[in-house]
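# Notes for the structure review
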Amino acid sequence: MLSKTAEYALRAVACMGSQVGQPISADQLAVQTKVPRRYLTRVLQDLAAAGLVTSRPGPGGGYELCQSIDKLTILDVVNTVAPIERIRSCPLGLKSHTALCPLHAELDKAYAATEAAFAGVTIRALVESTSPIHPLCESV
């Protein structure tokens, strides 16, 4: 259901969220998240352009979140890189469908439920989960 780009962005944000205040190089993020370095760089650029992350060049530099993990949600990250597309009108362009048909109405309800679920989970909730498995990135 999620695009590869959204998945990669969530992995990177989860890793940065688990190390708040400590810049992480793109190389380190790529290793920890198992995201190809070139692809990760593009994702990080999108996150930076949206104001979710910042980058510092040079020794000791890297990427870090510039939004609070208490407020930043899964939906914020997903919508930054690959927004969930809701169905607002007939995808077939049928003029007689002035409202969504039952099929598309149900699909849109599922998208709305997904948005609501993603909006309800902060990055803090992910990285401070009581699960013994560290979310979305490999422990090093």
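Residues numbered from 1 in each chain as written. Predicted model: local features only at pLDDT ≥ 70, side-chain atom pairs only at ≥ 80, totals over all residues. Heavy atoms only, no water.

## Observations concerning the overall build of the chain
Each helix and strand in the chain was counted, giving six helices and two strands. Of the regular secondary structure in the chain, the N- to C-terminal order runs α-α-α-β-β-α-α-α. Expressed as lengths along the three principal axes of its C-alpha atoms, the size of the chain is roughly 60 × 30 × 25 Å. Expressed as a percentage of the 140 residues in the chain, the buried residues total 39%. The long-range share in the chain, meaning contacts at least 24 apart out of those at least 6 apart in sequence, stands at 65%. Within the structure as shown, the chain displays about 8,100 Å² of accessible surface, and the carbon and sulfur contribution to it stands at 55%. If the 13 positive side-chain charges of the chain are averaged to one point and the 12 negative ones to another, these points end up 5 Å apart. (Helix = DSSP H or I, 4+ residues; strand = E, 2+ residues; numbered from the N terminus. Buried < 20%, exposed > 50% of the residue type's maximum accessible area, 1.4 Å probe, protein only. Contact = heavy atoms within 4.5 Å. Areas by Shrake-Rupley, 256 points an atom, 1.4 Å probe, with all protein chains shown as cover. Lys, Arg positive; Asp, Glu negative; His and termini not counted. Charge placed at Lys NZ, Arg CZ, Asp CG, Glu CD.)

## Examining the state of the cysteines
Within this structure, the stated rule accounts for zero disulfides. Considering cysteine sulfurs only, Cys-101 is the nearest to Cys-90, which forms no disulfide, with 6.3 Å between them. Judged by its relative accessible area of 12%, Cys-90 is buried. (Disulfide = S-S within 2.5 Å.)

## Points about the pattern of salt bridges
A complete count under the given rule lists eight salt bridges for this structure. Close ionic contact of Arg-11 with Glu-7 constitutes a salt bridge, the shortest N to O distance being 3.0 Å. Of this pair, Arg-11 and Glu-7 both sit in helix α1 (residues 4–17), four residues apart, roughly one helical turn. Its relative accessible area of 26% is what places Glu-7 among the partly exposed residues. A salt bridge links Lys-109 to Glu-106; the shortest N-O distance between them is 3.1 Å. Taken as a pair, Lys-109 and Glu-106 lie in helix α5 (residues 102–119) at a separation of three residues, close to a single helical turn. Using a relative accessible area of 52% as the deciding quantity, one classes Lys-109 as exposed. (Salt bridge = Lys/Arg side-chain N within 4 Å of Asp/Glu carboxyl O.)

## Points about the pairing of strand β1 (residues 53–56)
As paired strands, β1 and strand β2 (residues 62–65) are joined by four bridges and run antiparallel to one another. Pairing of Ser-55 across the sheet is with Tyr-63, part of β2. (Pairing = 2+ DSSP bridges.)

## Quick notes on the side chain of Thr-5
Inspection of the secondary structure puts Thr-5 in helix α1. Relative accessible area serves as the criterion here: at 17%, Thr-5 is assigned to the buried category.

## So, the packing of helix α2 (residues 26–33) against helix α3 (residues 37–49)
Packing of α2 against α3 leaves a shortest axis separation of 10 Å and a crossing angle of 115°. On the basis of the axis angle, α2 is roughly perpendicular to α3. Crossing hand, α2 versus α3: right-handed. Facing α2, whose interface residues are Ala-26, Asp-27, Leu-29 and Ala-30, α3 presents Arg-37, Leu-40 and Leu-44. Residue classes in the contact of α2 with α3 are distributed as five nonpolar, no polar and two charged. (Axes fitted to C-alpha atoms, helices over the stretch in contact; angles between N-to-C directions. Parallel < 35°, antiparallel > 145°, perpendicular 65-115°, else oblique. Left-handed = near helix turned anticlockwise from the far one by under 90°. Nonpolar A, V, L, I, M, F, W, Y, C, P; charged D, E, K, R; others polar.)

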